[in-house]
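A closer look at the structure
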Amino acid sequence: MSKQVQQQIGNIALVVENYDDAIEFYTQKLQFELIEDTDLGDGKRWVQVAPPNSNGTNLLLAQASTEEQLQAVGNQTGGRVFLFLQTNDFWRDYQLMKDKGVTFNETPREEAYGTVVVFQDLYGNKWDLLQLHKG
């Protein structure tokens, strides 16, 4: 009998200008947890952050080391929303992020699937803060 295929996405690499600035933004403004920060030598680090109480994919913060990578910082998806931060309390998290100075691209809106607003990280990558409707 063959084993059933079981896979998951463990990390999503996010190219950043500076490890410490990115860690500060994600842990202080979005309340993410610093999962790991390991020095790999030669200025490289293995840095993972994740939303509180999540059990899924972590963000791997990857400091740009070439001109090509620097050009991708803040625009990894050509201006589209890149990541979707799902929450169990939209208004709590929206107000917390707003109070901490996170930049929002619009006012929150109700859609058929849930409550959503687009915001930017410290480099300009677009995110959705999203609370899905139950059902």
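The following paragraphs examine the structure supplied in this document. (Residues numbered from 1 in each chain as written. Predicted model: local features only at pLDDT ≥ 70, side-chain atom pairs only at ≥ 80, totals over all residues. Heavy atoms only, no water.)

**Quick look at the nonpolar core**
Note that soluble globular proteins tend to have their nonpolar side chains buried in a common cluster. In terms of nonpolar packing, the biggest core is built from 29 residues, with Tyr26, Leu59, Leu61 and Phe119 touching the most fellow members. The set of elements that each furnish at least two residues to this core consists of strand S1 (11-16), helix H1 (19-29), strand S3 (44-50), strand S4 (58-63), strand S5 (81-86), helix H3 (90-99), strand S8 (114-120) and strand S9 (126-132). The greatest single-element share of this core, amounting to five residues, is contributed by H1. What phenylalanine 119 contacts, discounting residues up to four positions off in sequence, is Leu30, Leu85, Met97, Val102, Thr103, Phe104, Asn105, Asn125, Lys126, Trp127, Asp128 and Leu129. (Core = buried A, V, L, I, M, F, W, Y, C linked by side-chain atoms within 4.5 Å. Buried < 20%, exposed > 50% of the residue type's maximum accessible area, 1.4 Å probe, protein only. Helix = DSSP H or I, 4+ residues; strand = E, 2+ residues; numbered from the N terminus. Contact = heavy atoms within 4.5 Å.)

**A short note on the environment of phenylalanine 82**
Topologically, phenylalanine 82 is positioned in strand S5. Owing to a relative accessible area of 18%, phenylalanine 82 belongs among the buried residues under this scheme. On a C-alpha basis, the gap between phenylalanine 82 and glutamine 120 in space is 9.8 Å, while along the polypeptide they are 38 residues apart. Filtering out sequence-adjacent residues up to four positions away, phenylalanine 82 remains in contact with Ile12, Ala13, Leu14, Gln76, Thr77 and Lys126.

**With respect to the pattern of salt bridges**
In total, this model carries five salt bridges according to the counting rule given. Ionic pairing is found between aspartate 93 and arginine 92, a salt bridge with its closest N-O pair at 2.8 Å. Residue classification places aspartate 93 among the buried residues on the basis of a relative accessible area of 17%. The shortest N-O distance in the salt bridge between arginine 109 and glutamate 111 comes to 2.8 Å. (Salt bridge = Lys/Arg side-chain N within 4 Å of Asp/Glu carboxyl O.)

**Some words on the sheet that holds S4**
Pairing within the open sheet is mixed, and its four strands lie in the order S1-S4-S3-S2. Both edges of this open sheet fall to S1 and strand S2 (33-41), since each of them pairs with a single strand only. When the angles between neighbouring strand axes are averaged without regard to direction, this sheet yields 25°. In the sheet, S3 pairs with S4 via three bridges, with the strands oriented antiparallel. (Pairing = 2+ DSSP bridges. Axes fitted to C-alpha atoms, helices over the stretch in contact; angles between N-to-C directions.)

**Quick word on the packing of aromatic side chains**
As enumerated under the stated definition, the model contains 10 aromatic pairs in all. With 4.9 Å between their ring centres and 80° between their planes, phenylalanine 90 and tryptophan 91 make a pair best called edge-to-face. The exposure class assigned to phenylalanine 90 is buried, which follows from its relative accessible area of 0%. Given a relative accessible area of 48%, tryptophan 91 falls into the partly exposed group. Through a chain of ring-to-ring contacts, the aromatic side chains of Phe25, Tyr26, Phe32, Phe90, Trp91, Tyr94, Phe104, Phe119 and Trp127 assemble into a single cluster. (Phe/Tyr/Trp six-rings, centres within 6.5 Å; stacked < 30°, edge-to-face > 60°.)

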